[in-house]
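Breakdown of the fold
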Amino acid sequence: MPSPTKDMLLDWYRQMVLIREFEETCHQLYQQKRITGVYLHLYSGHEASGVGSMAALRKSDHVITAYRDHGIALILGMDANAVMAEMMGKKTGSSGGKGGSMHLASAAHNFWGGYAIVGGHLPLAAGIALEARYRGKDDVTMTYVGDGATNNGYFHESLNMSAIWDLPVIWIIENNGYGMGTEVSRASGQTELHRKAKAYGIKSFGRVDAQDALAVYKVASKAVEYARDNGPAVIEHVTYRYRGHGVSDKQYDARDDMSAELRQWMDEREPIKILRDHILGKHGDIGDALAEHDEAAKKIVAQAVEFAEASDLPRGRDDLLGNTYVGSQRVYKTPASIGAGID
């Protein structure tokens, strides 16, 4: 495992402050009804979990996650303009404005979603890894799953399949303490969630303090190396979300009236501050470089909002039915009633 260089650490910081700025801006836009929809799941507080783990990957590896996917998309290098446009349902969005918050994806970045169904992406992760194993490639699939989904049948079936076929998957459980609003201890008989790997003979790399990007990177590097040669691995990331399960959950909206638990996490285990302090302690006074990343993140997100709001909404039959797989020819054979009223 290569030790993180100064440039790597600065890039991690860049990614983390960009994610935080993007997510908090999305929160504001949702409150202003400039982003609409039933749910918007934010990655604020989770930044080190994604940044530290994906730093262990190479470009040919694959990533798939559930609905808390904005931060993952930005880490992989998806254009912030396209991501914000997707938040707002615009044609210039990464999924043409038809997927929204929970359905980000980019084949160019080997990022396969963004899935709204709890645990529904886990069999797909096994399938992506099966392709690599079948073709004799050593690419790995990094898969993120929430603590609540580890009680889901998809989770157990997918882990079992990955063990049977020695699939190169890293199953990362992002344990933020709550499945929606239910504490892990009230939903799972085994509260150390990484131990669920034992039932399927999968190697566990234990629990990691996922507020510390360096700690995450250290363990992820070992797990990725193991998975390339040997098969599946499980890591449990202990983290915390700074907003509700989704932005429509109001319990954390008022910053001055937050719970003592949330205040403690933000004061003592803030992932951006932990990384910042490490960089400053190891590489001297480079506060100017960090400040530049802070300002750059604000500009990137502001430009993304401007781009998204200036973009067109999807309209008409072609936008509705485009990207629908119907074989080698684009032929629509829908009843007339389905297309009624569409321009």
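All values derive from a computational prediction rather than experimental measurement. Every chain is numbered independently, its residues counted from 1 as its sequence is written. Local features in a predicted model are, by the rule used here, given only for residues with pLDDT of at least 70; side-chain atom pairs are given and counted only at 80 or more, and totals for whole chains, interfaces and linings are based on all residues. Remark: hydrogens and water are excluded; side-chain values derive from all non-hydrogen atoms of the structure.

**Considering the sheet that holds strand E3 (residues 169-175)**
Ordered in space as E1-E2-E3-E7-E6, the five strands form an open sheet in which the pairing is parallel. The outermost strands of the open sheet, each flanked by one partner alone, are strand E1 (62-64) and strand E6 (203-209). Direction aside, neighbouring strands of the sheet carry axes that sit 20° apart on average. By definition in these notes, contact holds between two residues if any of their heavy atoms fall within 4.5 Å. Angles here are taken between N-to-C directions and fall from 0 to 180 degrees, while the axes themselves are lines fitted to C-alpha atoms, restricted in helices to the stretch in contact. We count a stretch as a helix when DSSP gives it H or I for four or more residues in a row; a strand needs E for two or more, and each element gets its number in order from the N terminus. The strands touched by helix H2 (residues 47-54) within the sheet are E1, strand E2 (141-146), E3 and strand E7 (233-238), with E2 carrying the most contacts at an inclination of about 165°. Sheet contacts for helix H5 (residues 122-134): E1, E2 and E3; angle to E2, the most-contacted strand, approximately 170°. In short, DSSP must find at least two bridges between two strands for them to pair.

**Focus on the domain arrangement of the chain**
Looking at the assigned domains, one finds that the chain contains domain 1 (6-312) and domain 2 (316-343). Computed from C-alpha atoms alone, the centre-to-centre distance between domain 1 and domain 2 is 34 Å. The domain boundaries here were taken from an automatic or database domain assignment.

**A short note on the packing of helix H1 (residues 6-31) against H2**
Between H1 and H2, the least distance of the axes is 10 Å, while the angle of their chain directions is 145°. In this structure, H1 meets H2 at a crossing whose hand is right-handed. Of the residues in H2, those in contact with Trp12, Gln15, Met16, Ile19 and Arg20 of H1 are Glu47, Ala48 and Val51. In the contact of H1 with H2, the residues fall into five nonpolar, one polar and two charged. Note: crossing handedness is left-handed where the near helix turns anticlockwise from the far helix by less than a right angle, and right-handed where it turns clockwise. Throughout this entry, Asp, Glu, Lys and Arg are counted as charged residues, while Ala, Val, Leu, Ile, Met, Phe, Trp, Tyr, Cys and Pro are counted as nonpolar. The remaining residues, Gly among them, count as polar.

**Re H5**
Expected helix span is taken as 1.5 Å per residue step, with the number of steps being one fewer than the number of residues. Counted at 1.5 Å a residue, the expected span for H5 with its 13 residues is 18 Å, and the 18 Å between its end C-alpha atoms agrees. For H5, the set of buried residues is Leu122, Ala125, Ala126, Ile128, Ala129 and Ala132. Buried residues in H5, looked at end-on, bunch into an arc of 160°, giving them a common side. Buried residues belonging to H5 abut E1, E2, helix H6 (153-164) and E3. Count one or two residues on from H5 and you reach Gly136, which has phi positive near 75°. The rule is simple: take the accessible area with a 1.4 Å probe, protein chains only, and divide by the maximum for that residue type; under 20% is buried, over 50% is exposed, in between is partly exposed. Arc definition: it is the arc formed by the directions from the helix axis to the C-beta atoms.

**Here we look at the packing of aromatic side chains**
Note on aromatic pairs: the rings of Phe, Tyr and Trp (six-membered ring only in Trp) are paired at centre separations within 6.5 Å, and the planes decide the class, stacked below 30 degrees, edge-to-face beyond 60, tilted for the rest. Taken as a whole and assessed by the stated rule, the structure comprises three aromatic pairs. Ring plane angle 70° and centroid distance 5.9 Å describe the contact between Phe205 and Tyr226, whose orientation is recorded as edge-to-face. Residue Phe205 is found in strand E6, and its partner Tyr226 is found in helix H7 (residues 213-230); the two are separated by 21 residues along the sequence. Classification of Phe205 as buried rests on a relative accessible area of 19%. Given the relative accessible area of 26%, Tyr226 is considered partly exposed.

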